[in-house]
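Survey of secondary and tertiary structure
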Amino acid sequence: MNFWPDRKVCEPQLKEMRHIMSRLVMKFGGTSVANIERIRNVAQHVKREVDAGHQVAVVVSAMSGKTNELVAWCREASPLHDAREYDAVVASGETVTAGLLAIALQDIGIQARSWQGWQIPILTSDAHGSARIESIHGDEIVKRFTERKEVAVIAGFQGIHAPTGRITTLGRGGSDTSAVAIAAAIKADRCDIYTDVDGVYTTDPRVVPKARRLERVAFEEMLEMASLGAKVLQVRSVEVAMVHKVKTFVRSSFDDPANPQPGTLICDEEDILEQQVVTGIAFARDEAQITLRRVSDKPGVAAAIFMPLAEANINVDMIIQVVSDDTTTTDLTFTVPAIDFERAKGVLEKARSEIGFASIQGAMDLVKVSAIGIGMRSHAGVAARAFKALAEKGINIRAITTSEIKFSVLIDAAYTELAVRTLHSLYGLDKA
Ligand code: ADP
Ligand code: ASP
Ligand code: MG
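Residues numbered from 1 in each chain as written. Chains lettered and ligands numbered in written order. Predicted model: local features only at pLDDT ≥ 70, side-chain atom pairs only at ≥ 80, totals over all residues. Heavy atoms only, no water.

1. Examining the overall build of the protein
A count of helical and extended segments in the protein gives 14 helices and 18 strands. With respect to the three principal axes, the spread of C-alpha positions in the protein is 75 × 50 × 35 Å. Counting only residues that meet the buried cut, the protein has 50% of its 432 residues in that class. Across the protein, every contact between residues at least 6 apart in sequence was considered, and the portion connecting residues at least 24 apart equals 74%. By element, 51% of the accessible surface of the protein is carried by carbon and sulfur atoms, the whole surface being about 20,100 Å². Once the 50 positive and 55 negative side-chain charges of the protein are each reduced to a mean point, those two points are 3 Å apart. (Helix = DSSP H or I, 4+ residues; strand = E, 2+ residues; numbered from the N terminus. Buried < 20%, exposed > 50% of the residue type's maximum accessible area, 1.4 Å probe, protein only. Contact = heavy atoms within 4.5 Å. Areas by Shrake-Rupley, 256 points an atom, 1.4 Å probe, with all protein chains shown as cover. Lys, Arg positive; Asp, Glu negative; His and termini not counted. Charge placed at Lys NZ, Arg CZ, Asp CG, Glu CD.)

Following this line, the structure appears as structure tokens:
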């Protein structure tokens, strides 16, 4: 059921629709549950939906900053800690907020019960620290919706690997994925991701004050924006929403609980009436660049370089190969996450005799700035305009990649804001 339809729908119609019973998942992120007062505010948002007659499952994150603190404690205890114990520690942040929200709801007269990931259960792979959800058994919470009129308050981010019985976590930002996956499992009519901004913007509104809120954004574009750095939604949550057709909104928990705004709907491309060429600009900090100088230019060399990196679980992103003057050797440049920089260099040194190169050079403090838009499919020269605009600002481009609906440039991190703002204006995204 379409709960927050286009603005064209008139107010009496909206009022009418709000009274039709439906099943919702409401997810609240870290800043929305940062302290007891905010948790009380969340309880008011939940109360509004319960009072309207809806069945509600709430998914909560840890209080803001909590997960970072827990991660730091693990590192302090031992830099090379056991991944299973890391999950046991970091999952605890969500356990606390789920219990606290259930208490706050009960305090205002709403039946509520908290659930940890293993209690539902949310079954995952055993990739500790970034486990994938495999299945969710939502029967018990659904039964309680009808039998007890009970709100389920579910700790996000957590799961369990059934064969070992160990707690897992879904990767940073994973509560978004918990929420969308639960919505799919219990066949919810809608999944509302409440956060500290009132929707998905053309770029991070904290970096570009002229960013505009989007009424709608297509799944494919959201997927690219999330994977290219817009952390408003975890990438996997968008994948799950797309595959399971979960109607997902991003909206603000800071709105008046009595008068909430609809936020941004993530939807099919066909449901967007006015498609822009470029919909948004994303950026990812913490990129590092590695250059191998004078690699012998013969078949099998790329495999000799990238296989050991893949085996070490290091994600290689942009790759550029340049034939050098002597034509028998080549320079190969690629990017890895900054966090893997030293490890990647170590792996390559180890494989030096098989690869055969003269030297390794590296650069840190880089950022990848990307422009995303389905309209790029049918428009030529979109990226070329960006290269010109960046050059006019004196920004040097170290690497470029393009695909059907996006292009990315690698630049020095010092130019992040200038580059993002330049592209934002260039493609007409600035608000009036
Ligand atoms: P939560 O704790 O609620 O999960 P996050 O911090 O994970 O919230 O995500 C929300 C943040 O995402 C916003 O505060 C904003 O700074 C950032 N963000 C980055 N890109 C975008 C974008 N395109 N639209 C909206 N927010 C964005
Ligand atoms: N608390 C976890 C994190 O900070 C999960 C989430 O907030 O979505 O990454
Ligand atoms: Mg988040």
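The structure having been displayed, the exposition proceeds.
2. A closer look at the sheet that holds strand 14 (residues 319-323)
The strand order 14-15-13-16-18-17 describes an open sheet built from 6 strands, whose pairing is antiparallel. The open sheet has two edge strands, strand 14 and strand 17 (399-403), and neither has a second partner. Within the sheet, the average angular offset between the axes of one strand and its neighbour, ignoring direction, is 25°. Judged from the 11 bridges that link them, strand 13 (residues 280-296) and strand 16 (residues 359-372) form a sheet pairing that is antiparallel. Within strand 16, the position partnered with L292 by the bridge is I360. The sheet contacts of helix 11 (residues 341-350) involve strand 13, strand 15 (329-337) and strand 16, and relative to strand 13 the element is tilted by about 20°. (Pairing = 2+ DSSP bridges. Axes fitted to C-alpha atoms, helices over the stretch in contact; angles between N-to-C directions.)

3. Topic: the site of ligand 2
The local shell around ligand 2 consists of S61, A62, T67, E94, F157, R172, G173, G174 and S175. Interatomic distance of 2.8 Å between a side-chain N/O atom of T67 and a nitrogen atom of ligand 2. The side chain of E94 places a nitrogen or oxygen atom 2.6 Å from a nitrogen atom of ligand 2. When its residues are assigned to classes, the shell around ligand 2 shows 2 nonpolar, 5 polar and 2 charged. (Near = heavy atom within 4 Å. Polar contact = N/O pair within 3.5 Å; in protein donor to acceptor, adjacent residues only side chain to side chain. Nonpolar A, V, L, I, M, F, W, Y, C, P; charged D, E, K, R; others polar.)

4. Some details on the sheet that holds strand 11 (residues 248-252)
Here 8 strands make up an open sheet; going across it, the order is 3-6-2-1-9-11-12-10 and the pairing mixed. Both outer strands of the open sheet, strand 3 (112-115) and strand 10 (216-218), are each paired with one neighbouring strand and no more. Within this sheet the neighbouring strands show an average axis-to-axis angle of 20°, counted without direction. By the bridge criterion, 6 bridges tie strand 1 (residues 23-28) to strand 2 (residues 55-60) in an arrangement that is parallel. Of the residues in strand 2, the one forming a bridge with K27 is V59.

5. A short note on the pairing of strand 1
Burial analysis of strand 1 places 6 of its 6 residues in the buried class, which makes it a mostly covered element. The parallel pair strand 1 and strand 2 is bridged by helix 2 (residues 36-51), and the resulting crossover is right-handed. (Right-handed = clockwise from strand over helix to strand, strands pointing away.)

6. Some details on the site of ligand 1
As a matter of local geometry, ligand 1 sits amid 17 residues, with T195, D196, Y201, D204 and R206 nearest to it. One of the side-chain N or O atoms of K27 is found 3.2 Å from an oxygen atom in ligand 1. Separating an oxygen atom of ligand 1 from a side-chain N or O atom of K231 is a distance of 3.3 Å. Across the complex, the protein chains shield 89% of the 570 Å² of accessible surface that ligand 1 would expose by itself.

7. A short note on the confidence of the model for the protein
Here the protein shows a mean pLDDT of 93. Residues at 70 or above account for 95%. The low-confidence segment residues 1-17 (pLDDT under 50) makes 32 contacts with residues lying over four places distant or belonging to another chain. (pLDDT = per-residue confidence, 0-100.)

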